Amino acid sequence: MSDNIGINLDWEGLKYNFAAAGAASGGSEDGNGIIKEQDRLLPIANVGRIMKQILPPNAKISKEAKETMQECVSEFISFVTGEASDKCRKEKRKTVNGDDICWALATLGFDNYAEQLKRYLHRYREQEGERTSLNRAAGSHGEKEETPNYRSAVQASLLKSSREERCEAVLKG
């Protein structure tokens, strides 16, 4: 629901100014409940790191390219999450889950991304189940124990399969 261009209201009445431009100061909200630009954007270092993963080792990325991508991915995440949140609100649920995000991607026309995310979610849930079983067998009674290598291994396997799928699509296309 929108009250002004660039300002959207969520279902709890909080204002998010996604069209904000200009310098933002510290803190997450100003007196009007508008979220500051620095708090709505992904950290630029993280965006740059993700961009570098797909480029050859000697490639460079300009600050302008990183900032542009930072704006785009932050807006994309807000767009998809907003759609998923609307679905949850209609179903009288408070928690947005992975299936809601997949549904939102498909609803918004990002079917290819929705399918890839569904595969990721399936693999993630399988690995979570295996890890929980191993933890229980080791006597930790279901306590979560996540190692940095576990998350890296999941991300690396997904990145590899995603690249392979893109290559196959290009060759078929």
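Refer to the structure printed above.
All figures in this text were calculated on a predicted structure; none of them were measured in a lab. (Residues numbered from 1 in each chain as written. Predicted model: local features only at pLDDT ≥ 70, side-chain atom pairs only at ≥ 80, totals over all residues. Heavy atoms only, no water.)

A. Representation of the overall build of the protein chain within the structure. Counting secondary structure elements, the protein chain contains six helices and three strands. The order of α-helices and β-strands along the protein chain, N terminus first, is β-β-β-α-α-α-α-α-α. For the protein chain, the proportion of its 173 residues judged to be buried stands at 21%. Long-range contacts, defined here as pairs at least 24 residues apart, represent 30% of the contacts in the protein chain between residues at least 6 apart. With an accessible surface of roughly 12,400 Å², the protein chain has 55% of that area assigned to carbon and sulfur atoms. (Helix = DSSP H or I, 4+ residues; strand = E, 2+ residues; numbered from the N terminus. Buried < 20%, exposed > 50% of the residue type's maximum accessible area, 1.4 Å probe, protein only. Contact = heavy atoms within 4.5 Å. Areas by Shrake-Rupley, 256 points an atom, 1.4 Å probe, with all protein chains shown as cover.)

B. Here's a closer look at the pattern of salt bridges. This structure, assessed with the given rule, holds ten salt bridges. With a shortest N-O distance of 3.3 Å, lysine 87 and glutamate 91 are connected by a salt bridge. Assessed through its relative accessible area of 42%, glutamate 91 is described here as partly exposed. One salt-bridge network, held together by shared partners, links Lys87, Glu91, Arg93 and Asp100. (Salt bridge = Lys/Arg side-chain N within 4 Å of Asp/Glu carboxyl O.)

C. Region of the structure containing a nonpolar patch on the surface. A surface patch of nonpolar side chains, about 230 Å² in accessible area, is lined by Leu42, Phe76 and Ile77. Here phenylalanine 76 is to be found in helix H3 (residues 63-90). Its relative accessible area of 32% is what places phenylalanine 76 among the partly exposed residues. (Patch = residues over 30% accessible without salt bridge, like charges linked within 9 Å, V, L, I, M, F, W, Y side chains within 5 Å.)

D. Main features of the packing of aromatic side chains. By the definition in use, this model includes three aromatic pairs. Both rings, one in phenylalanine 76 and one in phenylalanine 110, keep their centres 5.1 Å apart while their planes meet at 85°; by these two values the pair is edge-to-face. Taken as a pair, phenylalanine 76 in helix H3 and phenylalanine 110 in the loop between helix H4 (98-107) and helix H5 (111-137) lie far apart in primary sequence, 34 residues in all. Every member of this aromatic cluster is reached through a ring pair, and the members are Phe76, Phe110 and Tyr113. (Phe/Tyr/Trp six-rings, centres within 6.5 Å; stacked < 30°, edge-to-face > 60°.)

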